[in-house]
Amino acid sequence: MASTKKYLEFILDQLSGLDDITYRMMMGEYILYYKGKIFGGIYDDRFLVKNIATARRLMPDAGLESPYDGAKEMLSVTDIDDREFLTRLVNEMYDELPVRKKGK
């Protein structure tokens with residue numbers, strides 16, 4: 001099942017307090033970037049973020065979910081209505097995120 005543009009737009013609106021949030025559509029899903037670094041995505045209308053220490057600290061009860069078959073598990077963000085928390089989550093994750101690899 002592909003994600004809906006409506007769900008993507010809702011999440012982007014919730015993150016509108018951050019500058020430089022971008023996305024890329026890939027096979028019906030959406031990869032999310034903050035200042036050029038991938039921090040998560042929208043998969044089957046679920047907001048998932050990378051399973052890194054900062055995200056685990058801020059969401060200690062978050063479940064791990066696979067975005068698609070064969071992918072690394074990611075943390076499920078369930079409190080999508082708390083704009084302030086989402087902004088803090090993504091902003092604090094930034095320094096720990098790997099630099100985006102250049103394509104060949």
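Everything here concerns the structure above.
Residues numbered from 1 in each chain as written. Predicted model: local features only at pLDDT ≥ 70, side-chain atom pairs only at ≥ 80, totals over all residues. Heavy atoms only, no water.

Draft legend 1. Just the packing of aromatic side chains, in detail. Overall, the coordinates contain 4 aromatic pairs when judged by the stated rule. The interplanar angle of 80° and the centroid separation of 5.5 Å between the aromatic rings of Tyr-34 and Tyr-94 together place this pair among those described as edge-to-face. Highlighted residues: Tyr-34 in strand E2 (residues 29–34) and Tyr-94 in the segment after helix H3 (83–93), separated in sequence by 60 residues. Ring geometry for Phe-39 against Phe-47: centres 6.4 Å apart, planes inclined by 90°, an arrangement best described as edge-to-face. Looking at Phe-39, the relative accessible area reads 0%, which means it is buried. Sitting over the ring of Tyr-94, Lys-35 keeps its end group 5.2 Å from the ring centre. The residue whose ring lies beneath Lys-37 is Tyr-94, and the NZ or CZ to ring-centre distance is 4.2 Å. (Phe/Tyr/Trp six-rings, centres within 6.5 Å; stacked < 30°, edge-to-face > 60°. Helix = DSSP H or I, 4+ residues; strand = E, 2+ residues; numbered from the N terminus. Buried < 20%, exposed > 50% of the residue type's maximum accessible area, 1.4 Å probe, protein only. Lys NZ or Arg CZ within 6 Å of the ring centre and 35° of its normal.)

Draft legend 2. Molecular detail of the pairing of E2. Of all 6 residues making up E2, 6 are buried, and the element is well covered by its neighbours. Covered by surrounding structure in E2 are Glu-29, Ile-31 and Tyr-33 together with Tyr-30, Leu-32 and Tyr-34, the residues of both alternating faces. The pairing of strand E1 (residues 21–26) with E2 spans 6 bridges and is classified as antiparallel. Paired with Thr-22 across the two strands is Tyr-33, which belongs to E2. Linkage of E1 to E2, two consecutive antiparallel strands, is achieved through a turn of 2 residues, within which Met-27 is found at a positive phi near 55°. Note that E2 and strand E3 (residues 37–43) share 5 bridges and pair antiparallel. Of the residues in E3, the one forming a bridge with Tyr-33 is Ile-38. A loop of 2 residues connects E2 with E3, the two strands running antiparallel in sequence, and Lys-35 in this loop sits at a positive phi of about 50°. (Pairing = 2+ DSSP bridges.)

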